[in-house]
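The primary structure of each chain is shown beneath.
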Amino acid sequence: MKRFLIIGLLLLISASQSFAQCAMCRGSVESSVSAGDTSMAANLNLGILYLFFTPYVLAAVIAYIWYKSSRKNVKKAQGAGSIAG
């Protein structure tokens, strides 16, 4: 329990430092868009989407592996029950 509390505290501390760059990114995107270059804004949006979907894809892969493992264990338990029974 202590470990999770310490990890959570460290994540909160590091998150406040990551917000400091938002103004820099926004300023750079606004200046590039006003100059007529929209590729930087498009790439930033793609990066945001990548960061948004990555945890969900990772959770889905873990859930799928867990499901397959669970099904394999159930079949193994059913097979062992019929042999012993």
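Analysis parameters
- Residues numbered from 1 in each chain as written.
- Predicted model: local features only at pLDDT ≥ 70, side-chain atom pairs only at ≥ 80, totals over all residues.
- Heavy atoms only, no water.
- Helix = DSSP H or I, 4+ residues; strand = E, 2+ residues; numbered from the N terminus.
- Buried < 20%, exposed > 50% of the residue type's maximum accessible area, 1.4 Å probe, protein only.
- Areas by Shrake-Rupley, 256 points an atom, 1.4 Å probe, with all protein chains shown as cover.
- Expected span 1.5 Å × (residues − 1).
- Phe/Tyr/Trp six-rings, centres within 6.5 Å; stacked < 30°, edge-to-face > 60°.
- Patch = residues over 30% accessible without salt bridge, like charges linked within 9 Å, V, L, I, M, F, W, Y side chains within 5 Å.
- Salt bridge = Lys/Arg side-chain N within 4 Å of Asp/Glu carboxyl O.
- Lys, Arg positive; Asp, Glu negative; His and termini not counted.
- Charge placed at Lys NZ, Arg CZ, Asp CG, Glu CD.
- pLDDT = per-residue confidence, 0-100.

K.L.:
I'd like a description of the overall build of the chain, backed by residues and values.
P.N.:
Along its length, the chain carries three helices and zero strands. Helices and strands appear in the chain in the N-to-C order α-α-α. Taking all 85 residues of the chain together, 4% fall into the buried category. With the model as given, the accessible surface of the chain reaches about 7800 Å², and the carbon-plus-sulfur share is 71%.

K.L.:
Can you break down the environment of Val29 residue by residue, with the values?
P.N.:
With respect to the helices and strands, the residue Val29 is situated in helix H2 (residues 22-34). In the structure, Val29 is positioned twelve residues away from Ala41 in sequence and 5.7 Å away in space, judged by C-alpha atoms.

K.L.:
Talk me through H2; I want residue IDs and the actual numbers.
P.N.:
Along an α-helix, a turn takes 3.6 residues, which lines up residues three or four apart on a common side. For H2, built from 13 residues, the straight-helix expectation of 18 Å at 1.5 Å per residue is met to within 8% by its first-to-last C-alpha distance of 18 Å. Gly36 sits one or two positions beyond H2 and adopts a positive phi of about 100 degrees.

K.L.:
Residue-level account of the side chain of Ser32, with values.
P.N.:
Structurally, Ser32 is set in helix H2. For Ser32, a relative accessible area of 11% corresponds to the buried category.

K.L.:
Explain the packing of aromatic side chains to me, using residue names and the numbers behind them.
P.N.:
Summed over the entire model, instances satisfying the criterion amount to two aromatic pairs. Summarising the aromatic geometry, the rings of Phe52 and Phe53 are spaced 5.0 Å apart at their centres and angled 75 degrees between planes, so their arrangement reads as edge-to-face. Members of the aromatic cluster, joined through ring pairs, are Phe52, Phe53 and Tyr56.

K.L.:
Go over a positive patch on the surface with me, naming the residues and quoting the values.
P.N.:
A surface patch of like charges, here positive, comprises Lys68, Arg71, Lys72, Lys75 and Lys76. With respect to the helices, strands and loops of the structure, Lys68 is situated in helix H3 (residues 39-84).

K.L.:
Describe in detail the confidence of the model for the chain, supporting the description with residues and values.
P.N.:
On average, residues of the chain score 81 in pLDDT, and 85% of them reach the 70 mark or higher. Mean pLDDT across the elements of the chain bottoms out in helix H1 (residues 2-18) (75) and peaks in H3 (86).

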